[in-house]
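Structural overview for review
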Amino acid sequence: MNGKRTVTAITVLTLIIYIAIIVGWHLYVPRGNLSVQAPGADNRPEGQTRTAGDVVIGEFFMRYGDGQDLNPGLSGKWTNFRGEGSRNIIVTPEKINVSGGDYPVLWSVETGEGHAAPAIYNGRVYFLDYNEQLSSDALRCFSLETGEELWRRWYRVPIKRNHGFSRTVPAVGDGYVITIGPEGHVMCCDPVTGDMKWALDMQKEFRTEVPFWYTGQCPHVDGEVLVLAPAGGETLLAGLDCRTGGMLWTTPNTLKYKMSHSSVISMVLGGKKTYVYAGIGGVCGISADGNDRGGLLWETGKWQPSVVAPSPLQVSSNRIFVVAGYGAGGALLQVDRSGGKWTAAVTEQYRPNEGLSSEQQTPILYGNLIFSIMPKDGGAHRGKLVCYDPSDLHAPVWTSAADERFGLGPYIIINSNIFIFKDDGELYVYEIRNRNLNLLKRQRIMEDGADAWGPIAYADGMLIVRDAHRVKCLKIV
């Protein structure tokens, strides 16, 4: 009986002690002389405080090499999205190896997850990257020949992964390299030194609404003018001086388009140089020269998919082929000019299983044939490489074999050969013979490749490909 009383007493005493400790912990104040400090009392230098939404474009820089040992004989250029004339076609005197063994991989670079492809200029390679650890966009410059990183210009911009991060191809020329980041930040640097030249935030400047999968629009340079399609509150297109960033002209957004993933393309329609843009809301043509530069020439809202990634493709002097994924299919536009009046009409429109289409890559017009990779909802031809005559967009002239399907992979034509990078990292090469294609070789480039969606670039006998995590350079001559 005494033992039971003892246990009870110990239990009660222990409980009292624990309660006293908890109450004392809550009531005890370790110091009584604490005071609230006013902003600035920590003596932080003026101008260093930032809000979460502030982005200082291009604020950080790292140099790794001086570039003095670059091969002066490398003068090839792939200056922008789809190369010269935005055609994705290369005609070169270099003898392309299409019959020998595997192409050697000259170098390989690990990247953040993304699909941003390179531009090439005089022995230097430029591409936009995203560093998750630093939450930053980065323009990286490499030696084309060795893969050595020469410099990096970067800035912090926290974003979440959404099928990767970076998506766009830089535009590079004599004295500038221009990028558009996932959140619409435009940055211009010196292509040799990496020095910062100017910057612009499209969300702040134009009230742009960045698409759900981030900015896919690539900078379009026409001469010395950078053409952007912010599709913001008041501005549809804008022309800026490449070297200074000064605004040259703007197109009012009376159409109320929203920004798509498609890029601006220069065309000559009805004898008039025109910037053609497929936005969310329709397709339009903007004057690219003369006293009315920047003025709206024509538009049509008869074709307006909810998501547009491929860019418009000119197929004749007055016809434009447009495609989109997610069931949109394809359409043919006819643009006519009579005196000073322009009209644009959709002459043909169909679903993806009814004719030539594409979900992500922009088709190529070559030798009076349109080459494309069919989307996943393209019926029996889904994922195949196909070619169609522009006069008949419903019956293919040729298709790849049943086991030759490429997903969302990119493709490029070099001389009379088409190079296709399957979206799992395997390279295919076909010879184009009139209205027929012949498979010449295939090579596994990425051992565990995934989402190889970024466009291919070529210069000086070297082909650059990428998947979601790596960029590789192949010697193909």
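To keep things clear, this report deals only with the structure shown in the data block.

Analysis parameters
- Residues numbered from 1 in each chain as written.
- Predicted model: local features only at pLDDT ≥ 70, side-chain atom pairs only at ≥ 80, totals over all residues.
- Heavy atoms only, no water.
- Salt bridge = Lys/Arg side-chain N within 4 Å of Asp/Glu carboxyl O.
- Helix = DSSP H or I, 4+ residues; strand = E, 2+ residues; numbered from the N terminus.
- Buried < 20%, exposed > 50% of the residue type's maximum accessible area, 1.4 Å probe, protein only.
- Pairing = 2+ DSSP bridges.
- Core = buried A, V, L, I, M, F, W, Y, C linked by side-chain atoms within 4.5 Å.
- Contact = heavy atoms within 4.5 Å.

1. So, the pattern of salt bridges
- If you walk through the whole model with that rule in mind, you get 22 salt bridges.
- Residue Lys258 is joined to Glu209 by a salt bridge in which the shortest nitrogen-to-oxygen separation is 3.5 Å. Separated by 49 residues along the polypeptide, Lys258 in the loop between strand E16 (247–252) and strand E17 (265–269) and Glu209 in the loop between helix H2 (202–206) and strand E13 (220–222) bring together distant segments of the chain.
- Among the ionic pairs, Glu359 bridges to Lys376, the shortest N-O distance being 2.9 Å. Taken as a pair, Glu359 in the loop between strand E24 (341–350) and strand E25 (364–366) and Lys376 in the loop between strand E26 (369–373) and strand E27 (385–388) lie far apart in primary sequence, 17 residues in all.
- When its relative accessible area of 11% is taken as the criterion, Glu359 is described as buried.
- Beyond isolated ion pairs, a larger network of salt bridges with shared partners links Lys422, Asp424, Glu426, Arg442 and Arg444.

2. A word on the sheet that holds E27
- The antiparallel open sheet is built from four strands, whose spatial order is E25-E26-E27-E28. Edge strands, defined here as strands with exactly one partner in the open sheet, are E25 and strand E28 (398–399).
- In terms of strand pairing, E25 meets E26 through three bridges, oriented antiparallel. Bridged to Tyr366 within E26 is Leu369.

3. What to know about the nonpolar core
- Ranked by size, the top nonpolar core spans 34 residues in total, and within it Ile414, Phe419, Leu463 and Ile476 carry the most contacts.
- Among the secondary structure elements, those contributing two or more residues to this core are strand E4 (105–110), strand E6 (124–131), strand E29 (411–414), strand E30 (417–421), strand E31 (426–433), strand E33 (457–459), strand E34 (462–466) and strand E35 (470–475).
- With four residues, E34 is the largest single contributor of residues to this core.
- Every residue in contact with Ile414, bar those within four places of it in the chain, is listed here: Ile90, Thr92, Ile96, Phe419, Tyr458, Leu463 and Ile476.
- The next biggest cluster of nonpolar side chains, apart from the first, holds 29 residues, and it includes Tyr176, Val186, Leu228 and Val264.

Read these as spatial facts, not as claims about activity.
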